[in-house]
Amino acid sequence: IRWLERLEMFLYRRARLIVPVTHAFRKQLVKRGIDRGKVSVVTNGVDMSRFRPMPKDSSLVAELGVEGKFVAGYVGTHGMAHHLETILDAAEKLRANGLEGDFRFIFLGDGARKEALKQEAHRRGLSNVTFIDSVLKDEVARYWSVLDVSVIHLKKTGLFTSVIPSKLFECMGMGLPVLHGVLGESADIVRKENVGIVFEPESSEQLVAHLKALRTDKPSYEGYRRNCLLAAKKYDRTVLAMEMLDRLTQLGVRDG
C-alpha cells in the first residue's frame, strides 16, 4: 500500500490537470499537498437523452401490481456498503402501522447482499417488497417511471461523506424526488437543489416518516419534482462534457 501511495502522489505531482468528481476529493488532494490550482472539479451527471420525465409505464405497473400504491424504489447495487436492511425495516414498520397495502418497495439490481435481502424479506413475510433482477440499461428508465420516490442509501459512516451516488442525477433527470440516506456532499446537493429529503442513514423511523409525508403532502411533492427537472439541467452530461473540454482547452492555451 505504501508503494502504491508513493506512485499515486508521483502521478498527482506530475499531472498538469487533475479532475475529481467531488469537492471533497479536491479538498483531500489539496490537504495532501497537491497544488489547488491544478485540481478542478467536474461532477458526474445524467444522460438526458436516456433519463427524462415520462408517464408511468402502464404495462409495468400492472405486471408489478402497484396500481394505486405509493411506490418507493431502490435502483442499483445491493452491496455491503448500502445497508438495505434499513428499507426492509421501513417496510415492516409500515405493515405494523396498518399501511402495508398503501406502500410498495421495489428493489432493482444485483449485488453481494441481494440473495440475503430476499431471504430476509421472505422470513419477515413482507408482501409489500418486490425484488427485480438487473435489467438492460435501455430498460432502466421504464422502472424509474413506476416509482413515486427514489430511496438512496449508504451505511452510516464517514467513509461515504465524500461520494455522490450517480443515481441522484438520474433521479433529477426523471423528475423523481429522492429520500436521501447518505451523509456529506451528496446530501448538500439534495438540500441545495431541494430535490427531496435527507434522512439519517440507517434510520428506518425517519424513512417511514418522510414516506408518509411525501404521500400526503402533494404541494411539497410536486415542488420536489419541479426542482429535480431544473437541477438536471445543471448536471446534464453534455454541459459537463463542455466544462471538461473548457478545462482542457485552457490547459492547452496556458501551456502553449
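Above this note sits the structure.
The model shown is predicted, which means the values in this text are computed figures rather than measured ones.

Undergrad: Can you explain the pattern of salt bridges? Please cite residues and give values.
TA: Here the structure, examined in full by the defined rule, presents 20 salt bridges. Where K56 meets D148, a salt bridge forms, and the shortest distance between an N and an O atom there is 3.0 Å. Remark: D148 occurs in the loop between α6 (140–146) and β4 (149–153) and K56 occurs in the loop between α2 (23–31) and α3 (58–64); sequence separation between them is 92 residues. What makes K56 partly exposed here is its relative accessible area of 36%. Here the residues in one salt-bridge network are D89, E92, R95, E120, R123 and R124, joined through shared partners.

Undergrad: I'd like a rundown of the sheet that holds strand β5 (residues 178–181), residues and numbers included.
TA: Strand order across the open sheet formed by 6 strands is β3-β2-β1-β4-β5-β6, with parallel pairing between neighbours. Pairing within the sheet leaves two strands with one partner each, and these edge strands are β3 (129–132) and β6 (196–198). Neighbour to neighbour, the strand axes of the sheet diverge by 20° on average, direction disregarded. Sitting on the sheet, helix α4 (residues 85–96) touches β1 (70–75), β2 (103–108), β3 and β4, and the angle it makes with β2 is about 160°.

Undergrad: Can you break down the environment of H23 residue by residue, with the values?
TA: Mapped onto the secondary structure, H23 falls in helix α2. H23 gets classed as partly exposed once you look at its relative accessible area, which sits at 44%. In this structure, the C-alpha to C-alpha distance between H23 and T43, residues 20 residues apart in sequence, is 8.5 Å. Every residue in contact with H23, bar those within four places of it in the chain, is listed here: V41 and E185.

Undergrad: So what's going on with the nonpolar core? Which residues, and what values?
TA: Counting 38 residues, the largest nonpolar core has I106, W144, L168, M172 and V195 as its most contacted members. Sorting the residues of this core by element identifies α3, β1, β2, α6, α7 (167–174), α8 (185–193) and α10 (218–234) as the ones contributing at least two each. One finds L84, A90, V151 and L207 within the second-largest nonpolar core, a separate group that totals 28 residues.

Undergrad: Summarise the packing of aromatic side chains; cite the residues concerned and give the values.
TA: Evaluation of the coordinates by the stated rule reveals 4 aromatic pairs. Between F70 and F103, the aromatic rings sit 5.8 Å apart at their centres with planes inclined by 75°, giving edge-to-face as the arrangement. Taken together, the residues span a long stretch of sequence, with F70 in strand β1 and F103 in strand β2 at a distance of 33 residues. Pair check on accessibility: F70 and F103 agree, each one buried. Taking the centre distance of 4.7 Å and the plane angle of 20° together, the rings of F107 and F131 count as stacked. With F107 in strand β2 and F131 in strand β3, this residue pair connects regions lying 24 residues apart in the sequence. Grouped by ring-pair contacts, the aromatic residues F70, F103 and Y221 constitute a single cluster.

Reading guide: rules and limits
- Every chain is numbered independently, its residues counted from 1 as its sequence is written.
- Side-chain atom pairs in this predicted model are given and counted only at pLDDT of 80 or more, local residue features only at pLDDT of at least 70, and totals for whole chains, interfaces and linings cover all residues.
- Note: side-chain values were computed over all heavy atoms of the structure, leaving out hydrogens and water.
- Any Lys or Arg side-chain nitrogen located within 4 Å of an Asp or Glu carboxyl oxygen qualifies as a salt bridge.
- Under the DSSP-based scheme used, a helix requires at least four consecutive residues in state H or I and a strand at least two consecutive residues in state E, with every element numbered from the N terminus.
- Summary of the burial criterion: residues with accessible area below 20% of their type's maximum are buried, those above 50% are exposed, and those between are partly exposed, where the area comes from a 1.4 Å probe applied to protein chains only.
- Pairing between strands requires that DSSP locate at least two bridges from one strand to the other.
- Axis geometry follows a simple rule: fit a line to the C-alpha atoms, using only the stretch in contact for helices, then measure angles between N-to-C directions, giving values from 0 to 180 degrees.
- Throughout, a residue-residue contact means that at least one pair of heavy atoms, one from each residue, lies within 4.5 Å.
- Put simply, a nonpolar core is a bunch of buried Ala, Val, Leu, Ile, Met, Phe, Trp, Tyr and Cys residues held in one set by side-chain atoms that sit within 4.5 Å of each other.
- Aromatic rings from Phe, Tyr and Trp, with only the six-membered ring used for Trp, were paired whenever their centres fell within 6.5 Å, and each pair was classed as stacked if the ring planes differed by under 30 degrees, edge-to-face if by over 60, and tilted otherwise.

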